[in-house]
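Spelled out, the chains give:
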Amino acid sequence: MADRRLAVEAWESLFRAQHEILAEFAEDFSATELTQPEYDVLLTVTRGEDMSSRLRDVTANMLISQPSVSRLVDRMVARGLLTKCADPQDGRGAIVTATEKGARAFRVVATNHGRSIAERMSVLSEDELRTLLGLTRKLRGDRADQ
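Residues numbered from 1 in each chain as written. Predicted model: local features only at pLDDT ≥ 70, side-chain atom pairs only at ≥ 80, totals over all residues. Heavy atoms only, no water.

Peer 1: Before we move on, could you go through the overall build of the protein chain and cite the residues and values that matter?
Peer 2: Helix and strand counts for the protein chain stand at six helices and three strands. Secondary structure elements in the protein chain, listed N-terminal to C-terminal, are α-α-β-α-α-β-β-α-α. For the protein chain, the spread of C-alpha atoms along the principal axes amounts to about 50 × 35 × 25 Å. The buried share among the 146 residues of the protein chain stands at 27%. By sequence separation, contacts in the protein chain at least 24 residues apart represent 50% of the contacts at least 6 residues apart. As displayed, the protein chain offers around 10300 Å² of accessible surface, 54% of which is attributable to carbon and sulfur atoms. Of note, the protein chain has its 21 positive side-chain charges centred 5 Å away from the centre of its 23 negative side-chain charges. (Helix = DSSP H or I, 4+ residues; strand = E, 2+ residues; numbered from the N terminus. Buried < 20%, exposed > 50% of the residue type's maximum accessible area, 1.4 Å probe, protein only. Contact = heavy atoms within 4.5 Å. Areas by Shrake-Rupley, 256 points an atom, 1.4 Å probe, with all protein chains shown as cover. Lys, Arg positive; Asp, Glu negative; His and termini not counted. Charge placed at Lys NZ, Arg CZ, Asp CG, Glu CD.)

Peer 1: Explain the packing of aromatic side chains residue by residue, including any values.
Peer 2: The geometry of two aromatic rings is summed up by the distance between their centres and the angle between their planes. Considering all chains together, one arrives at three aromatic pairs under this definition. Considering the side-chain rings of Phe-29 and Tyr-39, the 5.3 Å spacing of their centres and the 65° angle between planes classify their relative orientation as edge-to-face. Here the residue Phe-29 occupies a position in the loop between α1 (4-26) and α2 (36-47), and Tyr-39 occupies one in helix α2, the gap between them amounting to ten residues. With a centroid separation of 4.9 Å and an interplanar angle of 25°, the aromatic rings of Tyr-39 and Phe-106 are classed as stacked. In this pair, Tyr-39 is assigned in helix α2 and Phe-106 in helix α5 (residues 100-121), connecting sequence segments 67 residues apart. There is no split in this pair, since Tyr-39 and Phe-106 are both buried. What links up through ring pairs into an aromatic cluster is the set Phe-29, Tyr-39 and Phe-106. (Phe/Tyr/Trp six-rings, centres within 6.5 Å; stacked < 30°, edge-to-face > 60°.)

Peer 1: Can you explain the pairing of strand β2 (residues 82-87)? Please cite residues and give values.
Peer 2: The pairing of β2 with strand β3 (residues 90-98) spans six bridges and is classified as antiparallel. Each bridged residue has a counterpart across the sheet, and for Asp-87 the counterpart in β3 is Asp-90. Counting the residues in the hairpin turn of β2 and β3 gives two residues. (Pairing = 2+ DSSP bridges.)

Peer 1: An account of the packing of α2 against α5 is needed here, citing residue identities and associated values.
Peer 2: The relative placement of two packed helices is expressed as an angle between their axes plus a distance between the axes. The geometry of α2 relative to α5 is characterised by a closest axis approach of 10 Å and an angle of 105° between their N-to-C directions. Looking at the two axes, α2 sits roughly perpendicular to α5. Across the interface between the two elements, Tyr-39, Leu-42, Leu-43 and Thr-46 of α2 pack against Gly-102, Phe-106, Val-109, Ala-110 and His-113 of α5. Tallied by class, the residues present in the contact of α2 with α5 amount to six nonpolar, three polar and no charged. (Axes fitted to C-alpha atoms, helices over the stretch in contact; angles between N-to-C directions. Parallel < 35°, antiparallel > 145°, perpendicular 65-115°, else oblique. Nonpolar A, V, L, I, M, F, W, Y, C, P; charged D, E, K, R; others polar.)

Peer 1: Describe unusual backbone geometry, naming the residues involved and giving the relevant values.
Peer 2: Phi at Asp-50 is positive, roughly 60°, even though this residue is not glycine. Along the chain, Asp-50 falls in the loop between α2 and β1 (52-54). With phi around 55°, Met-51 is a residue other than glycine that occupies positive phi space.

Peer 1: Go over the sheet that holds β1, please, and point to the residues and values.
Peer 2: If you trace the three strands from one edge of the open sheet to the other, you get β1-β3-β2, paired in antiparallel fashion. Every interior strand has two partners, whereas the edge strands, β1 and β2, have only one. If you compare each strand with its neighbour and ignore which way they point, the axes differ by 25° on average. Strand direction decides the pairing type here: β1 and β3, joined by three bridges, are antiparallel. When the sheet's bridge partners are listed, Ser-53 is paired in β3 with Val-96.

This is the structure:
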């Protein structure tokens, strides 16, 4: 096992870096049609086949509770950003699909947000970015593609 003091120091540094960077990225959503959680939902949905995803997969990618995701999705349906229907393969589940309005709003924000991410991460070399990706996947138990 790694030295406990070093492990705590590394964790605190990672946590603080994440907090500071997320605060910077919050500005990307200040004057847009989407909130950051709505963007996160659309990120998962628009990557799916036919711009659709199972609600449970959206929930798995979010950092909020299942009831909170369900309420968020329902608000997005009411705003015309998503549609929601029963999952034909799982009667208890739902399929959410980005509408043209939702996909368009996502693309507008994604362009600016992607630019902000690339700019912020440019302090790292490509080798450092690959190392960071490998380390974060390892910390997540190699669940990066789930």
